[in-house]
2 protein chains.
Amino acid sequence: MTDYLGEAVARTATNGQGPTAAAGFRAAGVTAGLKASGRPDLALIVNDGPRHAGAAVFTTNRVVGNPVLWSRQVVSDGTIRAVVLNSGGANVSTGPEGFQDTHATAERVAGGLGIGAGDVVVCSTGLIGERLPIEKLLAGVDDAISKLHHDGGRDAAQAIMTTDTVVKVAQVSVNTAEGKFTVGGMAKGAGMLAPALATMLCVITTDADIAAEALDRTLRAATSVTFDRVDSDGCMSTSDTVVLLASGAAGVTPAEDAFLDAVRTVCASLARQLVADAEGASHDIAVHVEGASDEDAAVAVARSVTRSNLFKAAIFGNDPNWGRVLAQAGTVPTEVAPFEADNIDVSINGVMVCRGSRPYEERGKVDMAAARDVHVTVDLHAGDANATIWTNDLTHAYVEENSAYST
Amino acid sequence: MTDYLGEAVARTATNGQGPTAAAGFRAAGVTAGLKASGRPDLALIVNDGPRHAGAAVFTTNRVVGNPVLWSRQVVSDGTIRAVVLNSGGANVSTGPEGFQDTHATAERVAGGLGIGAGDVVVCSTGLIGERLPIEKLLAGVDDAISKLHHDGGRDAAQAIMTTDTVVKVAQVSVNTAEGKFTVGGMAKGAGMLAPALATMLCVITTDADIAAEALDRTLRAATSVTFDRVDSDGCMSTSDTVVLLASGAAGVTPAEDAFLDAVRTVCASLARQLVADAEGASHDIAVHVEGASDEDAAVAVARSVTRSNLFKAAIFGNDPNWGRVLAQAGTVPTEVAPFEADNIDVSINGVMVCRGSRPYEERGKVDMAAARDVHVTVDLHAGDANATIWTNDLTHAYVEENSAYST
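As the structure is a prediction and not an experimental result, all values here were calculated from the model.

### Details of helix H11 (residues 396–403) of chain A
Right, on to step 1. Burial in H11(A) covers these residues: A:Tyr398, A:Val399, A:Asn402 and A:Ser403. Taken end-on, H11(A) shows its buried residues confined to a sector of 115°, consistent with a single buried face.
Right, on to step 2. Against the buried residues of H11(A) lie helix H9 (309–316), helix H10 (322–329) and helix H11 (396–403) of chain B.
Right, on to step 3. At the N-terminal end of H11(A), a side-chain oxygen is found 3.3 Å from the backbone nitrogen of A:Ala397, two or three residues along, and the residue is A:Thr395.

Dropping the structure here:
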């Protein structure tokens, strides 16, 4: 069962410095005054090298923020020397003036660090359709530069929080025949988790010595089975960005599979933390689909279940409503996921409540009230492939938080 | 603007006998004891002819109820003489024994009426995965037969209600050069509205003299722009059924477009009533997409918006959050709906809050608290096609009702 999110919990440390756990990085998190709450809202992460390799993946939404438009260009040459991130405003649907704000932010970072603006990734998160208070933001950049520190990763992680209730960092160190290297990272995002990327900002760093092409391959392989397997409410953001930076400061070039394993584990840990902190959720739900004809089929069925408001509301009510699981599986076209509709098994928290698409064990045996995590397993009896998608239940608090966001 | 749902309100009577408004039909609604509440739960509609033509469309879910499996066969020869419907149990995922229950129900109706079981459509609605109390159901069939009446349409409509709070019937009478004919109907469904059919049971009758092939064409054309344009929560039921019966008792064969207009209007009225009674909703939302390259593109963008929990929660909060509209439009692939992401207009209740994908009129001008209906118009500036999808807001009551359904 390749449920990297489920496995990652035991494999990563989440109480460290995240993006500055790896050598060669400094970070800061400051209060620029972008948020009405007066909380920290501007983060900066700098790669001091000797290598300055970078890769990134972005939302596949056609409506994207100005920071995404800018940063796509920055990453195209494989060199990233700094990432500046702000909460308090997404800078989406703000027109050419908004793009100028992003450009000015990158220039300010570059001027302060003595690097080129074309090597500065910019990320913004917050409400759509409002200009950022650019003077405050630029002053915040100066402040952040003055506070850059090798132990600044946690401050940076705090400054990118929006509706997040906890800081999200993760790190792993790996000893290989070539030597020791570390991968660390931070993420924000507590709503709108959806594929193709869970909606969020995420910066991952490593002191391994990896070229940009390999970074890009690794990042895409890692996100496809971690952030892409998280789906809180089916909505896709306009600003999702995951950046991977390599400083080479450890002087170690691990085998690519060992490096992938480490990056994937950090991504999985951060994705799992996003689920655990999703807006207003009372349950984290892992939908495992097994017996699928191939992995895409397993993902399609699992995703269909995790997108059902009826299923998610039932889980909120601690109701093991397997009929809603079957009904969602049945909406996936045969050409996507071949299976026999009358031969599906469903287990909830280990109790097989449905076998051969009919009632089996007594649903009263299922205990969902005892733990936050709920495990739903769907066996399609159509092959050997499996996949797991994580989501949350649909709760009163979700409705409350998302109906009151901008008013 | 081809918003048949919006137009239907003024064109249909909803206080009449619905399925028995047309000549040649009798109906009854009785209490068989299938529901714990003790409310009416069994309906019967009989076509007394002289013609016994019928057509039906069913859910496209691969997981379907035993009544759908049975009724697909019944309708294949174009002859339907009776429709028996029960609430209090869906008879889905109940295995071969459940299919026998459906068969026995049809046989009982046929025996009582002196017709063939192969001409009896069966529909069931309620919880998945539980056998029906068949003896009670069969006794209810006998009772219903004894109570069949030319004014029984409203009783029948009441007996198919589940979480519906009001009876849903509609009827129109049309004078044509060929003479007068009537189309009437009833529907149930107050949750799980989704395409390809809004989840529900619906029986439409006419005393026009129409052959089965034309009925089938008409029904598909009518449902595709009415029930298929309603999407309450994106979930697709296992039991959706819409039946159209023609008795020929008026002795009139109208032109096909006049007949289509009447059937479409009745479907639109019933679909609009379903939206108005959706579980726990506080707003009915019409998402009109115009300026699309073709109708499919308009439908795809409108449907994407109506499926966004974030958008629906914002409407519940009376928040004209156009950013969430843009973000959903952006998730539709270019090959499905070509448009420029930076040139979208959004109006909410007549106020253009977004023009050229940027803020325009002050969002504070939008009044959503005054009325239940909310009208969102999205202009893609990519062509001349348009479409409207109706949905509801996401509310605390929706979560409550759907988390407590089966426990």
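So, next bit.
### Describing the interface of chain B and chain A
Right, on to step 1. Of the residues lining the interface, 55 residues belong to chain B; the matching set on chain A comes to 54 residues.
Right, on to step 2. Summed over both partners, the interface of chain B with chain A buries about 4400 Å², with 55% contributed by carbon and sulfur atoms.
Right, on to step 3. Its largest share of buried area at the contact with chain A, chain B owes to B:Arg62, B:Asn309 and B:Leu310, together 17% of the area lost on that side.
Right, on to step 4. Put simply, chain B and chain A have 2 salt bridges between them.
Right, on to step 5. A salt bridge links B:Glu97 to A:Arg358; the shortest N-O distance between them is 2.7 Å.
Right, on to step 6. Of all the secondary structure elements, the ones that give two or more residues to the side of chain B that touches chain A are helix H3 (95–113), H9, H10, strand E13 (358–359) and H11 of chain B.
Right, on to step 7. Of the residues assigned to the side of chain B that touches chain A, the class counts are 24 nonpolar, 23 polar and 8 charged.

### A short note on the relation of the copies chain B and chain A
Right, on to step 1. Least-squares fitting of chain B to chain A yields an RMSD of 0.0 Å, with the superposition described by an axial translation of 0.0 Å and a rotation of 180°. Such a combination of turn and shift is consistent with a two-fold rotation axis. Within chain B, B:His396 has its C-alpha nearest the rotation axis, a separation of 2.7 Å.
Right, on to step 2. The fraction of interface residues of chain B whose copies in chain A are also interface residues reaches 98%, indicating that both copies meet through the same surface.

### Comments concerning the side chain of A:Asp379
Residue and element names in this part refer to chain A.
Right, on to step 1. Inspection of the secondary structure assignment puts Asp379 in strand E14 (residues 373–379).
Right, on to step 2. Lacking a salt bridge, the buried Asp379 has Arg355 as its closest oppositely charged neighbour, with an N-O distance of 8.9 Å.
Right, on to step 3. Among the polar contacts made by the side chain of Asp379, one reaches the main-chain amide nitrogen of His381 at a distance of 2.9 Å.

### Details of the UniProt feature "binding site: substrate" (unreviewed entry) in chain A
Right, on to step 1. The positions UniProt marks with the feature "binding site: substrate" (unreviewed entry) are A:Thr162, A:Lys188, A:Thr199, A:Glu279, A:Asn402 and A:Thr407.
Right, on to step 2. Here A:Lys188 shows up in strand E7 (residues 179–188).
Right, on to step 3. Tracing the backbone shows A:Asn402 in helix H11.
Right, on to step 4. If we ignore the near neighbours within four places in the chain, the residues touching A:Asn402 are A:Glu279, B:Leu310, B:Ala313, B:Ala314 and B:Arg324.

### So, the domain arrangement of chain A
All names here are of chain A.
Right, on to step 1. For chain A, the domain assignment lists domain 1 (4–276) and domain 2 (284–403).
Right, on to step 2. Here the C-alpha centre of domain 2 lies 32 Å away from the C-alpha centre of domain 1.
Right, on to step 3. Looking only at domain 1, the three residues that lose the most surface to domain 2 are Arg229, Asp231 and Val275, adding up to 45% of its buried area.
Right, on to step 4. The interface formed by domain 1 and domain 2 contains 3 salt bridges.
Right, on to step 5. Here Asp284 ties to Arg272 by a salt bridge, and the two come within 3.1 Å at their closest N and O atoms.
Right, on to step 6. In this assembly, domain 1 and domain 2 are joined by 7 residue pairs in polar contact (both at pLDDT 80 or more).
Right, on to step 7. For the side of domain 1 that touches domain 2, the secondary-structure elements that each account for two or more residues are helix H1 (4–8) and helix H7 (256–276).
Right, on to step 8. If one sorts the elements of the side of domain 1 that touches domain 2 by residue count, H7 sits on top with 3 residues.
Right, on to step 9. Partitioned by chemical class, the residues of the side of domain 1 that touches domain 2 number 6 nonpolar, 4 polar and 5 charged.

### Quick word on the side chain of A:Thr391
Right, on to step 1. By the element assignment, A:Thr391 lies in strand E15 (residues 385–392).
Right, on to step 2. Within the structure, the side chain of A:Thr391 is placed 3.1 Å from the side chain of A:Lys312, a separation counted as a polar contact.

### Thoughts on the packing of aromatic side chains
Right, on to step 1. Considering all chains together, one arrives at 4 aromatic pairs over all chains under this definition.
Right, on to step 2. Plain terms: the ring middles of A:Phe181 and A:Phe259 are 6.1 Å apart, the flat faces sit at 55° to each other, and that makes the pair tilted. Here A:Phe259 lies in helix H7 and A:Phe181 lies in strand E7, a separation of 78 residues in the sequence.
Right, on to step 3. On the basis of relative accessible area, A:Phe259 is assigned to the buried category, the value being 1%.
Right, on to step 4. The ring centre of B:Phe339 lies 3.8 Å from the NZ or CZ of A:Arg62, which sits over that ring.

### Structural notes on the environment of A:Asp367
Residues and elements named next belong to chain A.
Right, on to step 1. Mapped onto the fold, Asp367 is located in the loop between strand E13 (358–359) and E14.
Right, on to step 2. Overall, the relative accessible area of 47% leaves Asp367 in the partly exposed class.
Right, on to step 3. Expressed as a C-alpha distance, the spacing of Asp367 and Arg72, which sit 295 residues apart in the sequence, is 47 Å.

### Description of the sheet that holds strand E3 (residues 53–58) of chain A
Residue and element names in this part refer to chain A.
Right, on to step 1. Within the open sheet, the 5 strands sit side by side as E3-E9-E8-E7-E6. Their pairing is mixed. The open sheet terminates on both sides in strands that have one partner only, identified here as E3 and strand E6 (168–176). For this sheet, the mean angle separating the axes of adjacent strands, direction not counted, is 10°.
Right, on to step 2. Where E7 lies against strand E8 (residues 201–206), 6 bridges are found, and the strand directions are antiparallel. Pairing of Ala187 across the sheet is with Cys202, part of E8.
Right, on to step 3. Helix H6 (residues 212–224) rests against E3 and strand E9 (241–246) of the sheet, and its axis sits at about 35° to E3.
Right, on to step 4. Sitting on the sheet, H7 touches E6, E7, E8 and E9, and the angle it makes with E6 is about 160°.

### Points about the environment of A:Gly356
Residues and elements named next belong to chain A.
Right, on to step 1. Examined against the element boundaries, Gly356 turns out to sit in the loop between strand E12 (351–355) and E13.
Right, on to step 2. Sequence separation of Gly356 and Ala341 is 15 residues, and the distance between their C-alpha atoms is 8.7 Å.
Right, on to step 3. Beyond its immediate sequence surroundings of up to four residues, Gly356 is in contact with Asp342, Asn343, Ile344 and Asp345.

Reading the values: rules and limits
The residue count restarts for each chain, going from 1 along the sequence in the order it is written. Chains carry letters and ligands carry numbers; both start at the beginning, A for chains and 1 for ligands, and go up in the order they are written. For this predicted model, a pLDDT threshold of at least 70 governs which residues receive local features, and a threshold of 80 or more governs which side-chain atom pairs are given and counted, while totals over whole chains, interfaces and linings are taken from all residues. Excluded from the side-chain calculations are hydrogens and water; all other atoms, namely the structure's heavy atoms, are used. Residue burial is assigned from relative accessible area. The probe radius is 1.4 Å, only protein chains are included, and a residue is buried under 20% of its type maximum, exposed over 50%, and partly exposed in between. Segments assigned H or I by DSSP are reported as helices when at least four residues long, segments assigned E as strands when at least two residues long, and all are numbered from the N terminus. This arc describes the spread of directions from the helix axis toward the C-beta atoms. Residue contacts follow a heavy-atom distance rule, with two residues in contact if any of their heavy atoms lie within 4.5 Å. Polar contacts, as used here, are pairs of N or O atoms within 3.5 Å; protein pairs need one atom able to donate a hydrogen and one able to accept it. Residues neighboring in sequence count only if both atoms are side-chain atoms. A 1.4 Å probe defines the accessible area here, and the buried area is the portion of it lost by two parts on being joined, summed over both. The working definition used for a salt bridge is a side-chain nitrogen of Lys or Arg within 4 Å of a carboxyl oxygen of Asp or Glu. Classes in brief: Ala, Val, Leu, Ile, Met, Phe, Trp, Tyr, Cys and Pro nonpolar; Asp, Glu, Lys and Arg charged; the others, Gly included, polar. A residue counts toward the fit only if its pLDDT is at least 70 in both copies, and the copies are then superposed by least squares on the C-alpha atoms of those residues. We score Asp and Glu as negative and Lys and Arg as positive, and we do not count His or the chain ends. UniProt positions are given in the numbering used here, feature names are shortened, and annotations may be inferred rather than shown by experiment. Domain start and end points were adopted from an automatic or database domain assignment. Classification of ring pairs rests on two measures: the distance between centres of Phe, Tyr or Trp rings, Trp counted by its six-membered ring, which must be within 6.5 Å, and the angle between planes, read as stacked under 30 degrees, edge-to-face over 60 and tilted in between. A ring is scored as having a charge over it whenever the NZ atom of a lysine or the CZ atom of an arginine sits within 6 Å of its centre and within 35 degrees of its normal. The pairing criterion is simple: DSSP has to find at least two bridges between the two strands. Interaxial angles span 0 to 180 degrees and are taken between N-to-C directions of axes, which are lines fitted to C-alpha atoms, for helices over the stretch in contact.

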